[in-house]
Amino acid sequence: SKNVMNILFSVALGMLLSLSVQASYLQHPDARAFAERIVSEHGFERSVVDSLLDAAEKKQAIIDAMERPAEKVKPWKDYRKIFITEKRIAEGVDFWRKNRAVLSEASRQYQVAPEVIVAIIGVETFYGRIKGSFRVIDALATLSFDYPPRSPFFTKQLEQFLLLAREQDQDPLTLMGSYAGAMGYGQFIPSSYRSFAVDFDGDGFADIWENKADAIGSVANYFAEHGWKMGETVVVPAGIRESFDETLLNQPGLDKTVDELAEMGFSSDLPLNGDAKAIPVRLDGDNGLEYWLGLNNFYVITRYNRSLLYAMAVHELSQQILERVGEDTL
C-alpha cells in the first residue's frame, strides 16, 4: 500500500542521512589536542578554532588518493606520457606568451629559468586549469586526524594553514586545493606558502590562487631560495659499468661528486666539472633502461617534489616548451 511505501521510503532516507552525518572533529581526541595547542601557542580564539574543526569534513577520497600516488606506481615510460604531451607543451608556449613580461621580470629578479617556472605550473595544475577540488581545511583535517602514516606532517600543515589564513585575512573554509592541501597555480602546501609566496604585483596580497603574477613570482622565489643556478645544466645522459653499486641509484641527495661516481663506474656522456655533486639516476624508458646524472638544478627541482620522475618530467617539459618559444623571449 501507499502507507507502507511511505514508511519504507522514510526509513531508507533516515538511514542515508545518518550515514552522511559524520562525527565532528571536535570529538576527535587528536583534534582537541591540536586545538588546545593552537590556542595556547598562537593566540587563536578557542571558539574560532572549534568552529573550523566542527566545519571540517573527513573525505575518504583523500585517504584513497594518498595511497596511490603516480610517482610510486608508474615506471618512467608511463609517467612521462602523463606530462609530456602535445597539449601540455602547446599550452605551455601559450602560457609563456600571455605572461611574457611577468616571466621575464621574475626570471631576472630571482635568476631562475623562465621555462622551468612555466613547466612547474604546467605539471602541477595544467597552467591553472586543475588547481584542486577539495576544501583545504577538509584535506588537512582528514590527513591530520584520520591518516596516521602522515599525521605529524599534515598536522603541521594544518597549523600553517590557519596561520596563513589569519595573516592574509582569508576565510579558511573557502580556500580550495588538492587532496594533499596544496594550493594555487604552483600547488604550494601551507608551510611553503608562508615561506616562499610573494606579492609579485605589489597589490598587498600574495594571491597564488587566481593571480598569475603572484603565482609566477612565488615559484621563482621558491627555486631561488632552494639554490637554482641560472644557466647551469640540469641533467645529462650517463653510462654505467656492471660493477656499479645499484643501491646508490635514484637516491634523492647530492652526496657524491661526478669524479667519485665515475670512479665507481657511473660516468657522464658529456664533459662535466668533476667536483660537481650529482645524483645517479636509472629510469625505465620506452627503449629500456636509461642512465642520467642529475646535477644541482635537478636536485633543486626535487625540493619541489621529491620524486625523480617528477623532476625529469619538469625538465623535459621545460625543454620542449623552450624549444618552441624560441630564444627571442629570453
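No experiment lies behind these values; they were computed from the predicted model shown. (Residues numbered from 1 in each chain as written. Predicted model: local features only at pLDDT ≥ 70, side-chain atom pairs only at ≥ 80, totals over all residues. Heavy atoms only, no water.)

**Student:** I'd like to hear about the nonpolar core, residue by residue, with values.
**Tutor:** Core analysis: the biggest nonpolar cluster contains 89 residues, and Phe161, Phe188, Tyr193, Phe223, Trp228, Phe298 and Ile321 have the highest contact counts within it. It is helix α16 (residues 308–325) that provides the largest number of residues to this core, a total of 11 residues. Leaving out residues up to four positions away in the same chain, Phe161 has contacts with Val136, Ile137, Leu140, Pro172, Leu175, Met183 and Pro190. Residues Val236, Phe244, Tyr291 and Leu293 belong to the second largest nonpolar core, which totals 11 residues. (Core = buried A, V, L, I, M, F, W, Y, C linked by side-chain atoms within 4.5 Å. Buried < 20%, exposed > 50% of the residue type's maximum accessible area, 1.4 Å probe, protein only. Helix = DSSP H or I, 4+ residues; strand = E, 2+ residues; numbered from the N terminus. Contact = heavy atoms within 4.5 Å.)

**Student:** Describe the layout of surface pockets, and please don't skip the residues or the numbers.
**Tutor:** Each pocket or cavity is described by its volume, and for the second largest pocket that value is around 180 Å³. Ala113, Glu115, Trp228, Gly231 and Glu232 are the residues nearest the centre of the second largest pocket, which is lined by 14 residues in total. Those elements that place two or more of their residues in the lining of the second largest pocket are α9 (114–125) and α16. Considered class by class, the residues forming the lining of the second largest pocket number six nonpolar, six polar and two charged. (1 Å grid on protein atoms, 1.4 Å probe; cavity = no way out; pocket = protein on both sides within 12 Å on 5 of 7 lines; lining within 4 Å. Points joined across faces, edges and corners; volume = space filled by probe spheres on them. Nonpolar A, V, L, I, M, F, W, Y, C, P; charged D, E, K, R; others polar.)

**Student:** Would you mind going over the pattern of salt bridges in detail, with residue names and values included?
**Tutor:** The full count for this structure, using the stated rule, is 16 salt bridges. The partner of Glu105 in a salt bridge is Arg108, with the nearest N and O atoms 2.6 Å apart. Linking Glu105 with Arg108, this pair stays in helix α8 (residues 100–110), spanning three residues, or about one helical turn. Each of Glu36, Arg46 and Asp50 takes part in a single network of salt bridges with overlapping partners. (Salt bridge = Lys/Arg side-chain N within 4 Å of Asp/Glu carboxyl O.)

**Student:** Now, about the side chain of His28: what can you tell me, with residues and values included?
**Tutor:** If you trace the backbone, His28 turns up in the loop between α1 (2–20) and α2 (29–42). Within the local environment of His28, its side chain forms a polar contact with the backbone nitrogen of Asp30, the two atoms lying 3.1 Å apart. In this structure the side chain of His28 is engaged in a polar contact, spanning 2.8 Å, whose partner is the backbone oxygen of Phe145. For His28, the contacting residues outside a window of four places in its chain are Phe145 and Asp146. (Polar contact = N/O pair within 3.5 Å; in protein donor to acceptor, adjacent residues only side chain to side chain.)

**Student:** Go over the pairing of strand β3 (residues 235–240), please, and point to the residues and values.
**Tutor:** Pairing analysis gives three bridges linking β3 to strand β7 (residues 288–294), with the strands arranged antiparallel. Residue pairing across strands places Val236 opposite Leu293, the latter belonging to β7. With three bridges connecting them, β3 and strand β5 (residues 266–268) associate as antiparallel partners. Within the sheet, the bridge partner assigned to Gly239 lies in β5 and is Ser267. (Pairing = 2+ DSSP bridges.)

**Student:** For the packing of α2 against helix α11 (residues 151–167), give the residues involved together with the corresponding values.
**Tutor:** Remark: α2 packs on α11, axes separated minimally by 12 Å, with the N-to-C direction vectors making an angle of 45°. When the axis of α2 is compared with that of α11, the two are oblique. Once α2 is placed against α11, the crossing between them reads as right-handed. Seen from α2, the contacting residues are Phe34, Arg37, Ile38, Glu41 and His42; seen from α11, they are Thr155, Leu158, Glu159, Leu162, Leu163 and Arg166. When grouped by side-chain class, the residues that make up the contact of α2 with α11 number five nonpolar, two polar and four charged. (Axes fitted to C-alpha atoms, helices over the stretch in contact; angles between N-to-C directions. Parallel < 35°, antiparallel > 145°, perpendicular 65-115°, else oblique. Left-handed = near helix turned anticlockwise from the far one by under 90°.)

**Student:** Could you give an account of α2, naming the residues involved and the relevant values?
**Tutor:** Helix length check: α2, at 14 residues, gives a terminal C-alpha distance of 20 Å against a target of 20 Å (1.5 Å per residue), a fit within 8%. Residues of α2 that are buried include every one of Ala31, Phe34, Ala35 and Ile38, and no others. For α2, the angular spread of buried residues about the axis comes to 100°, placing them on one side. Opposite the buried face of α2, at more than 90 degrees from it, the exposed residues are Pro29 and Ser40. Along its buried surface, α2 packs onto α3 (46–55), α10 (136–145) and α11. Count one or two residues on from α2 and you reach Gly43, which has phi positive near 70°. (Expected span 1.5 Å × (residues − 1). Arc of directions from axis to C-beta.)

**Student:** For the pairing of β7, give the residues involved together with the corresponding values.
**Tutor:** The sheet contact formed by strand β6 (residues 277–285) and β7 spans seven bridges and is antiparallel. Following the sheet pairing, Asp284 is matched in β7 by Leu289. What sits between the antiparallel neighbours β6 and β7 is a turn of two residues.

**Student:** Give me the lowdown on the sheet that holds β6, citing residues and values where you can.
**Tutor:** The strand order across the open sheet built from five strands is β4-β6-β7-β3-β5, with neighbouring strands paired in antiparallel fashion. Bordering the open sheet on either side are β4 (256–257) and β5, each of which pairs with just one other strand. By the bridge criterion, two bridges tie β4 to β6 in an arrangement that is antiparallel. Residue Thr257 lies in a different strand from β6, and its bridge partner there is Lys277. Taken strand by strand, helix α15 (residues 296–304) contacts β3, β6 and β7, and its axis lies near 70° from that of β6. Across the face of the sheet, α16 comes into contact with β3, β6 and β7 while running at roughly 90° to β6.

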